[in-house]
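In case you want the letters, here they are:
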Amino acid sequence: MTDKLIIFDTTLRDGEQSPGASMTRDEKLRIARQLERLKVDVIEAGFAASSNGDFEAVRAIAQAIKDSTVCSLARANDRDIGRAAEALKGAARSRIHTFIATSELHMEKKLRMTREQVLEQAKLSVRFARQHCDDIEFSPEDGYRSDPDFLCRVLEAVIAEGATTINIPDTVGYAVPELYGEFIRTLRERIPNSGRAIWSVHCHNDLGMAVANSLAGVKIGGARQVECTINGLGERAGNCSLEEIVMAVRTRRDYFGLDIGIDTTQIVPASRMVSQTTGFVVQPNKAVVGANAFAHASGIHQDGVLKARDTYEIMRAEDVGWAANKIVLGKLSGRNAFKQRLQDLGIEMESEAEVNAAFMRFKDLADRKAEIFDEDIIALVSDESVTAEQEHYRLLSLAQRSETGERPHARVAFAAGGVELHADSDGNGPVDASLKAIESKVNSGAEMVLYSVNAITSGSTESQGEVTVRLQHGGRVVNGVGADPDIVVASAKAYLSALNKLHSKAERVAAQG
Ligand code: KIV
Ligand code: ZN
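These numbers come from a predicted model, not from an experiment.

Trainee: Please explain the packing of helix H3 (residues 78-88) against helix H5 (residues 115-130) as it appears in this structure.
Mentor: Each pair of packed helices gets described by two things: the angle between the helix axes and the distance between those axes. The interhelical angle for the contact between H3 and H5, taken along N-to-C directions, is 25°, at an axis separation of 10 Å. As summarised for this structure, H3 and H5 are arranged roughly parallel, according to the angle between their axes. The handedness of the crossing between H3 and H5 is right-handed. Of the residues in H5, those touching H3 at Asp 78, Ile 81 and Gly 82 are Ser 125, Phe 128 and Ala 129.

The following block contains the structure:
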């Protein structure tokens, strides 16, 4: 029998907790379908009790996904577990993931509970969860900073109650590889019933060691599940990155000796989709999915790769999905070809009217851009995927004038709750002028904490510009993304998209709050 490493993806739960990364139900569903194509074993779809929106997202994903187990997070209480169970009803395969903090610091300062109360609560929760589902994961939050003696008592008790996976979070990214690996090995050795559960690692990247710690948890500790996110998305410095873990274990199979069920050719499409949906741009030198990951700039390297690619390449670009960046459609493509491509990309439209609207936008784009790539289509439907309720602001038109030596000026027309507004402003540059014009009417008072422009596809100037704008207001952080061949227009779209998110009142409960 082969030894398999279970890949548990938490992009839609822990990844989404990153300020500004929150996604709509439809966006989450689209990413879940891509995760299924990637063949991840478990998709943590959300935290059903945190908001109605997340409940609906978990429910939709549970209904749609057939090949991966769908999981919901739940705090260790009956209400959260009940909501998780309800959202997961009807799933082909489901898991409830319940957690409670076990470190002295968290128990005393955050939960204000004694050790005995936490132990009791953990047992009751797993017992209750087992009444709804056979597949139960238990996490002692801040587990790595917990007293090992106490942790052994809690974990032995929850396994006895029926927990099937035990996950050890390094919640604050404090661990170092050898110590984390040994920590897990010690727990497994000391807990008499440890063999009845699968052991899992969950590492945050505060010291840049999430992947190394997870690998040590597997190699030294004997864990057989890794919790990770696409692009390492997640709060603060993020979570362990899926693409790095998967490619490390696969490329160094000689060392790890483990099988993984992932279809690696879906890695880059998944990375692009998550980045485009959340507005969290992937750094060019990021392992596996960064734009430079397979680019050889130096003459010596180029020469070597041309003679024999394994002189400087340990993985093949096409094996992780880089070849997928091909022209798919153009100006002459018809509605059926467009619809087929949407299906191939796993994008489901709810009605023919939605397909028609997306097709009109596609035609509009194809008039201005000769080659349409998959990424262009994803960007196009990302724009489209906001519901009428979320889309309070919408760009109608933009004109700007800039000339060397002159102060740029912009005139913007946009809809605000169905009312057409016109605004003028000058600014340091055309983008500044356009956003100032919008702000002069909206008066959001939001602070811009990030503005970035990227080429969606190849580095060429024919690519669409994709702009991310991050706004902060009243304790909330939101990301807006806009794409257009004209980066001034893309900027205005991104700004209005961020304003739409600020405008929507959806509140979330922090999973670790
Ligand atoms: O980092 C953490 O502790 C978590 C738990 C809720 C599993 O994300
Ligand atoms: Zn976490």
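Trainee: For this particular structure, what's the right way to read the sheet that holds strand S14 (residues 447-455)?
Mentor: Strands pair in a sheet through their backbones, by hydrogen bonds, and they do so in one of two ways: parallel or antiparallel. Taken in spatial order, the 3 strands make up an open sheet running S14-S15-S16, and their pairing is antiparallel. The sheet is open, and its two borders are formed by S14 and strand S16 (476-484), each paired with just one other strand. Taking the axes of each pair of neighbouring strands and ignoring which way they run, one obtains an average angle of 15° across the sheet. Relative to strand S15 (residues 465-473), S14 runs antiparallel, the two sharing 8 bridges. Residue pairing for S15: Glu 447 is matched across the bridge by Gln 472. Its contacts with the sheet place helix H17 (residues 487-503) against S14, S15 and S16, and it is angled at close to 150° to S16.

Trainee: Looking at this model, I keep getting lost on the site of ligand 1. Mind explaining?
Mentor: Taken together, 11 residues form the shell around ligand 1, and within it Arg 13, Asp 14, Thr 171, His 202 and His 204 come nearest. For ligand 1, an oxygen atom lies 3.1 Å from a polar atom in the side chain of Asp 14. Here an oxygen atom of ligand 1 and a side-chain polar atom of Thr 171 are 2.7 Å apart. Those elements that provide at least two residues to the shell around ligand 1 are strand S4 (94-101) and strand S5 (136-141). Class assignment for the residues of the shell around ligand 1 results in 2 nonpolar, 6 polar and 3 charged.

Trainee: So what exactly am I meant to see when it comes to the packing of aromatic side chains here?
Mentor: The description of an aromatic ring pair rests on the distance of the ring centres and on the angle between the ring planes. Per the stated rule, a full pass over the model turns up 7 aromatic pairs. Taking 5.9 Å as the distance between ring centres and 25° as the angle between the ring planes, the aromatic pair formed by Phe 359 and Phe 362 counts as stacked. Residue Phe 359 and its partner Phe 362 are both found in helix H14 (residues 352-368); the two are separated by 3 residues, about one turn of the helix. No difference in accessibility class separates Phe 359 from Phe 362, as the two residues are buried. Taken together, the aromatic side chains of Tyr 144, Tyr 180 and Phe 183 make up a single cluster linked through ring pairs. The ring of Phe 55 has Arg 83 lying over it, and the distance from NZ or CZ to the ring centre is 3.9 Å.

Trainee: I'm lost on a nonpolar patch on the surface in this one. Help?
Mentor: Taken together, the side chains of Met 448, Tyr 451, Val 453 and Ile 487 define a hydrophobic patch exposed on the protein surface, amounting to about 310 Å² of accessible area. Here the nonpolar patch takes 3 residues from S14, the largest share from any one element. Among the structural elements, Met 448 can be located in strand S14. Of the residues examined, Met 448 reaches a relative accessible area of 35% and is grouped as partly exposed.

Trainee: I would appreciate a short explanation of the pattern of salt bridges in the present structure.
Mentor: Opposite charge on two side chains allows them to pair when their charged atoms are near. Taken as a whole and assessed by the stated rule, the structure comprises 38 salt bridges. Between Asp 484 and Arg 368 there is a salt bridge; the shortest N-O distance is 3.0 Å. You can see Asp 484 sitting in strand S16 and its partner Arg 368 sitting in helix H14, a full 116 residues away along the chain. Given a relative accessible area of 44%, Arg 368 falls into the partly exposed group. For Glu 391, the salt bridge goes to Arg 394, with nearest N and O atoms at 3.6 Å. Judged by its relative accessible area of 26%, Glu 391 falls in the partly exposed class. By relative accessible area, Arg 394 is classed as partly exposed at 41%.

Trainee: What's the story with the side chain of Glu 36 in this structure? I'm lost.
Mentor: Tracing the backbone through its elements, the reader meets Glu 36 in helix H1 (residues 25-38). At 2.7 Å, the side chain of Glu 36 and the backbone nitrogen of Lys 66 are in polar contact. Not counting chain neighbours up to four residues away, the residues in contact with Glu 36 comprise Ile 43, Ile 65, Lys 66, Asp 67 and Ser 68.

Trainee: Would you mind going over the nonpolar core with me for this structure?
Mentor: Nonpolar side chains in soluble globular proteins tend to be buried together. Within the largest apolar cluster, 111 residues are counted, with the highest numbers of intra-cluster contacts made by Ile 7, Ile 96, Phe 138, Leu 155, Ile 166 and Trp 199. Considering every element that reaches this core, the biggest residue donor is helix H6 (residues 148-160), with 8 residues. Formed jointly, this core draws a minimum of three residues from each of two domains, domain 1 (6-278) and domain 2 (327-387). When residues no more than four places from it in sequence are discounted, the contact partners of Ile 166 are Phe 138, Leu 155, Val 158, Ile 159, Ala 197, Ile 198, Trp 199 and Ser 200.

Trainee: Before we go on, may I ask you to explain the coordination of the zinc ion (ligand 2) in this structure?
Mentor: Working reference: metal with six octahedral donors, ideal angles 90 or 180 degrees; metal with four tetrahedral donors, ideal angle 109.5 degrees. Around the zinc ion (ligand 2), the protein contributes the donor atoms Asp 14 (OD), His 202 (NE2) and His 204 (NE2), which lie 2.0 to 2.1 Å from the metal centre. We note that the donor set of the zinc ion (ligand 2) lies within a single chain, spaced as D-x187-H-x1-H. Judged on exposure class, the residue His 202 and its partner His 204 are both buried.

Trainee: What am I meant to see in the domain arrangement of the chain here?
Mentor: It is common to report an interface's size as the accessible area lost on association of the parts. By domain assignment, the chain separates into domain 1 (6-278), domain 2 (327-387) and domain 3 (391-504). At the interface, 10 residues of domain 2 touch 11 residues of domain 3. For the pair domain 2 and domain 3, the summed buried surface comes to about 870 Å²; carbon and sulfur atoms form 52% of the total. Scanning the region where domain 2 abuts domain 3 turns up 1 salt bridge. At the surface where domain 2 touches domain 3, the tally comes to 2 residue pairs in polar contact (both at pLDDT 80 or more). Broken down by secondary-structure element, the contributors of at least two residues to the side of domain 2 that touches domain 3 are H14 and helix H15 (374-384).

Trainee: Sorry, what's going on with the pairing of strand S2 (residues 42-46) here?
Mentor: The two faces of the sheet receive side chains in turn, since in a regular strand these alternate between them. For S2, the buried fraction is high: 5 of the 5 residues fall into the buried class. The pairing of strand S1 (residues 6-9) with S2 spans 2 bridges and is parallel. Paired with Asp 9 across the two strands is Ile 43, which belongs to S2. One crossover worth recording links S1 to the parallel S2 by way of H1, and it is right-handed. Remark: the S2/helix H2 (residues 52-64)/strand S3 (residues 69-75) crossover connection has right-handed handedness.

Reading the values: rules and limits
- Residues numbered from 1 in each chain as written.
- Chains lettered and ligands numbered in written order.
- Predicted model: local features only at pLDDT ≥ 70, side-chain atom pairs only at ≥ 80, totals over all residues.
- Heavy atoms only, no water.
- Axes fitted to C-alpha atoms, helices over the stretch in contact; angles between N-to-C directions.
- Helix = DSSP H or I, 4+ residues; strand = E, 2+ residues; numbered from the N terminus.
- Parallel < 35°, antiparallel > 145°, perpendicular 65-115°, else oblique.
- Left-handed = near helix turned anticlockwise from the far one by under 90°.
- Contact = heavy atoms within 4.5 Å.
- Pairing = 2+ DSSP bridges.
- Near = heavy atom within 4 Å.
- Polar contact = N/O pair within 3.5 Å; in protein donor to acceptor, adjacent residues only side chain to side chain.
- Nonpolar A, V, L, I, M, F, W, Y, C, P; charged D, E, K, R; others polar.
- Phe/Tyr/Trp six-rings, centres within 6.5 Å; stacked < 30°, edge-to-face > 60°.
- Buried < 20%, exposed > 50% of the residue type's maximum accessible area, 1.4 Å probe, protein only.
- Lys NZ or Arg CZ within 6 Å of the ring centre and 35° of its normal.
- Patch = residues over 30% accessible without salt bridge, like charges linked within 9 Å, V, L, I, M, F, W, Y side chains within 5 Å.
- Areas by Shrake-Rupley, 256 points an atom, 1.4 Å probe, with all protein chains shown as cover.
- Salt bridge = Lys/Arg side-chain N within 4 Å of Asp/Glu carboxyl O.
- Core = buried A, V, L, I, M, F, W, Y, C linked by side-chain atoms within 4.5 Å.
- Domains from an automatic or database assignment.
- Donors = N, O, S within 2.8 Å, 3.2 Å for Na, K, Ca; no water.
- Buried area = accessible area lost by both parts, 1.4 Å probe.
- Right-handed = clockwise from strand over helix to strand, strands pointing away.

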